[in-house]
Structure formats: structure tokens, C-alpha cells
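Residue-level listing of the chains:
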Amino acid sequence: MTRKYFGTDGVRGRVGVSPITPDFVMRLGYAAGRVLTQASAGSAKPVVLIGKDTRISGYMLEAALEAGFSAAGVDVMLAGPLPTPAVAYLTRALRLSAGVVISASHNPYDDNGIKFFSAHGSKLPDAVELAIEAVLDDPIVCVASEKLGKAKRLDDARGRYIEFCKSTFPNELDLRGLKIVVDCAHGAAYHIAPDVFHELGAEVIAIGNQPNGLNINDGFGATAPQSLAASVQQHGADLGIALDGDADRLLMVDAAGRIYNGDELLYVMVKDRLSIGPVAGAVGTLMTNMALEVAFKRMGIGFARAKVGDRYVLEVLQERGWQLGGEGSGHLLFLDKHTTGDGIISALQVLSALKRSGRTLAECASDMQLFPQCLINVKVAPGYDWQNNRALQNEKEAVESELGDDGRVLIRPSGTEPLIRVMVEAKRADVADTMARRIADTLRN
């Protein structure tokens, strides 16, 4: 069965346009509730935690989800605005049946989405998502009145999660002496992230921490780190931390205003772990910069690439029994700290690496220089079979032969638009640009 509604990170789209409508979201809650009650097989009534980011549409979708779950006989705990990884943590810590997050992550405010976590705090397996889709079009039939689900607020979800984040930072270290600018993207971590770093001893300047329902990710956060870079320099801060709207990704800025992406931050953290003990390997994606792969090989660390998406990074980590992985976009995973990507906890891992080494972020990252990348999007007809374009494949092979071990080629379709993305990495920017244009021109012709 193919997916109709679920993407790589739940169900997402424009608010008011199918599937992000109140009636669909109520049916989604009902369908998920039916799957949960069937899985519980007559044991205790399932209980689901619902959290959300700061989008104005969250109120509407929260009510719709609550109604759907109740109709299926599932109890609901409402956490209010809370980072996605906080919902994953609390679902596991409170031994609940599932967690649900209402968020469109780094998208603008007029998008929204629904994503689910299992009782173990990880993204739902494909089989469970397909089971939900299989009953999504069934009519809603309420359970008997005495079996309807109830809803209540979860007391101090914020405080519980703050303490969890702090527990991932080494007891023998603190952040005293550091001035840090924390950019919350006017998102779900606005009332959490500044307190975490402050309570560990840092002087904190918070920006992007005044959500109004319409400003999430607007000029702030991990998708717009220039605001953070300017603020770090304006305040003479040592570091800047940028989260996205649901606080599951991280970018950082050093005192000079230089921005560090997820590949660079993963390198800093893996190198720190290596200074403590052996590291078997790390996982990136098809888009991970080749410089990281070369650096890990030099350090004697295994490296594997997953499909784009943090859920696929997690799958490869679990298959190989490794702990560390991530994406250049800032989704970073530390399976000995959390079950899912967490921007705040990722920042704490970088900060502990800096504290342990006594070096700056620039110094810790200086021995890995990212390869220049050239990415060209080529418009094609919907459904175009690019893999059987023999001229394209010949040109790709020719470029790969010329690059040798000094670069790589990646061609992949967009998941949302009729585009083919052509990406070339090389040690020199001009070489990457020339090679990418050669392949793109072949595809256009």
C-alpha cells in the first residue's frame, strides 16, 4: 500500500486546504485512536499526549484531534506549546500510548501538520502509519458514551522537559562565563530554551521569543540565521544558538558571526566523543557534505548515508547499532541522550565539547573544511523518468570519473515539485559549478 497522506514527517500542508482542515484532522485523530485501541487489545484505555508549536491554527487543529481521539475512546493529555522532542520525551517518560505534535516545523505560519510518536518516543513505523491511512476514509462512529475519551492538561510539561534537557549535560561542567544568544524562531521553545542555558550558568540573550501566532520562523530561527549572527556580534556574545519552529533542529554561530550547519556541528560532537572513547560510526544523508565523510575516514570512524530525512538517519543508526548522526539542515541524533532529534540537547552536546576541550567553536571545527557544493534545480514534466535518460547517466558517469575521490554527484527528484535536483561537490567551487552545469544542461536537452 502506498502512502496517500503521510510524508517523511507526518501529514503537512497549507491550513484550510486538504488535508490540513478541521474535518480531516478529526478523522485522523479518530483513525489513529482506532489503531491504538486495537493495539491495546482490551487492556488499559490508551492515553495520547498532544503538543503544538505557536501557530494560530494550532488551537483549531488541537480541538479537532481531541474530538477524534475522544470518539475512538482514547484519553488525551494536552501539553500546550512544546517542542517536538519534548513531546517524544514526555510520551516515553509518562508511559503513554502515543504522542502527537501539531507543527509544520520550519515552514511559515500558514502551514501546519500532524506528526506522531510511538510509546517509545520515536517516529511511528511505516506499518503503523499505513494502518492509520487504511481506516482514514471510514466514517466516524463514536464508542458508547461511557467509553468516550476524556481530556486534561498536563501539569508542568515545560518544567519536566527543562530538567530532562539539563540532565543530558555533564554534571561536572557548567556554562558559566559564556554569553549566548538563543534564537527561538518565535516557536515552541520560546519559553523553554533560554531557561535551559541560563540555569546551566550562561548569560542568555533571547531573541525570536515573542510568538503571536503569525510570526513563527519569520526572519528568525534556523532557517534565517542571519538575525542570530547580527545579534551575536551586536551583543559581543561568545555563541549563538538557532532553533526552528518546533525546536528539533539546530544551527550555531560563533563570536565572529560565522554560521555552522549540521554537518559541522556533527563533526565537532563526534570528535568530542572520540576523545572520551571509541566511536564505531556516524550516519549522514545523501546530502551530507563529502568533507565529513573524508574526515571520519581519516579518524577511523565508519560512515553511512541514509535517505534524506531524520527518520531514515534513525533507521540506519538502529540497524548498525550506532548512536550519532544527522543532517546538514541541523537535525542531529544522539541515541544515548534522546530517541529523536532535539535542537536544545544538540546545542548542549556542542557546548559540552567546547567546555571539555577549552577551545572555541571555530577552533574545534577548523580541521574540517566543507567541500563547495553547487545545486541546480531543473524543471521537468511531472512523473519524468530521469533514471532512464541514457545521455544523463553517461554525463553523470563522465563527471564522476573526472572528479575521482575529490568530489561526488547526486541527482534526485524533489519530493514536492516537478524538479530534478542536480548537486555536485568538489574541492574547488569552480569545478563543482562547471560539472553541475554540464549535467543540468544534459538533462534540459
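Going by the structure above, here's the rest.
Since the model is a prediction, treat every value here as computed from it, not as a measurement.

Trainee: Would you mind going over the sheet that holds strand β7 (residues 179-183) with me for this structure?
Mentor: Adjacent strands of a sheet form backbone hydrogen bonds with each other and so pair up, either parallel or antiparallel. Overall, mixed pairing links the 5 strands, which are arranged β8-β7-β9-β10-β11 in an open sheet. Edge positions in the sheet fall to β8 (203-207) and β11 (259-260), since each of these pairs with one other strand and no more. Where β7 and strand β9 (residues 239-243) come together, 4 bridges link them in parallel fashion. Bridge pairing in β9 places D183 opposite A242.

Trainee: How should I be thinking about the side chain of H331 in this particular structure?
Mentor: Take H331: it is sitting in the loop between β14 (324-326) and β15 (332-334). Taking the relative accessible area as the measure of exposure, H331 reaches 8% and is therefore buried.

Trainee: Could you clarify how one ought to interpret helix α3 (residues 84-93) in this entry?
Mentor: Because each turn of an α-helix spans 3.6 residues, side chains separated by three or four positions end up pointing in the same direction. Among the 10 residues that make up α3, 8 are buried, leaving the element largely enclosed by the rest of the structure. Just downstream of α3, R95 is the residue with a positive phi angle, here 60 degrees.

Trainee: Teacher, can you tell me more about unusual backbone geometry here?
Mentor: Excluding glycine, most residues fall at negative phi; most peptide bonds, likewise, are trans. Omega for the bond connecting S18 with P19 falls within 30 degrees of zero, at 15 degrees, which places this linkage in the cis form. Within the secondary structure, P19 is located in the loop between β1 (11-14) and α1 (22-40). Phi angles above zero are rare outside glycine, and N217 is one such case at about 65 degrees. Residue placement: N217 occurs in the loop between β8 and α7 (226-235). Unusually for a residue other than glycine, A247 sits at a positive phi of about 65 degrees. Structurally, A247 can be placed in the loop between β9 and β10 (250-254).

Trainee: Got a minute to help me understand the nonpolar core in this structure?
Mentor: Nonpolar side chains in soluble globular proteins generally cluster together in the buried interior. If you look at the biggest cluster of nonpolar residues, it comprises 71 residues, and the most contacted ones within it are F197, I344 and L351. Ranked by residue count, the leading element in this core is helix α11 (residues 343-357), at 8 residues. Core analysis: the second largest hydrophobic core is formed by 32 residues, A32, L65, F69 and V135 among them.

Trainee: Could you clarify how one ought to interpret the packing of aromatic side chains in this entry?
Mentor: Note on aromatic pairs: each is described by the distance of the centres and the angle between the planes. Enumeration according to the criterion identifies 6 aromatic pairs in this entry. A centroid spacing of 6.1 Å and a plane angle of 50 degrees characterise the contact between F6 and F116, whose relative ring orientation is tilted. A residue pair is termed long-range when its members are at least 10 positions apart, and F6 in the segment before β1 and F116 in strand β5 (residues 111-117) qualify at 110 residues. Classification of F116 by relative accessible area gives buried; the value is 6%. Ring geometry for F296 and F303: centres 6.1 Å apart, planes at 50 degrees, overall tilted. Both residues of the pair, F296 and F303, count as buried. By the ring-pair criterion, three or more aromatic residues cluster together here, those being Y89, Y161 and F164. One cation-aromatic arrangement involves R258 over Y260; the distance from NZ or CZ to the ring centre is 4.1 Å. Above the face of the Y312 ring, R311 is positioned so that its terminal group lies 6.0 Å from the ring centre.

Rules behind the numbers
Residues numbered from 1 in each chain as written. Predicted model: local features only at pLDDT ≥ 70, side-chain atom pairs only at ≥ 80, totals over all residues. Heavy atoms only, no water. Pairing = 2+ DSSP bridges. Helix = DSSP H or I, 4+ residues; strand = E, 2+ residues; numbered from the N terminus. Buried < 20%, exposed > 50% of the residue type's maximum accessible area, 1.4 Å probe, protein only. Core = buried A, V, L, I, M, F, W, Y, C linked by side-chain atoms within 4.5 Å. Phe/Tyr/Trp six-rings, centres within 6.5 Å; stacked < 30°, edge-to-face > 60°. Lys NZ or Arg CZ within 6 Å of the ring centre and 35° of its normal.

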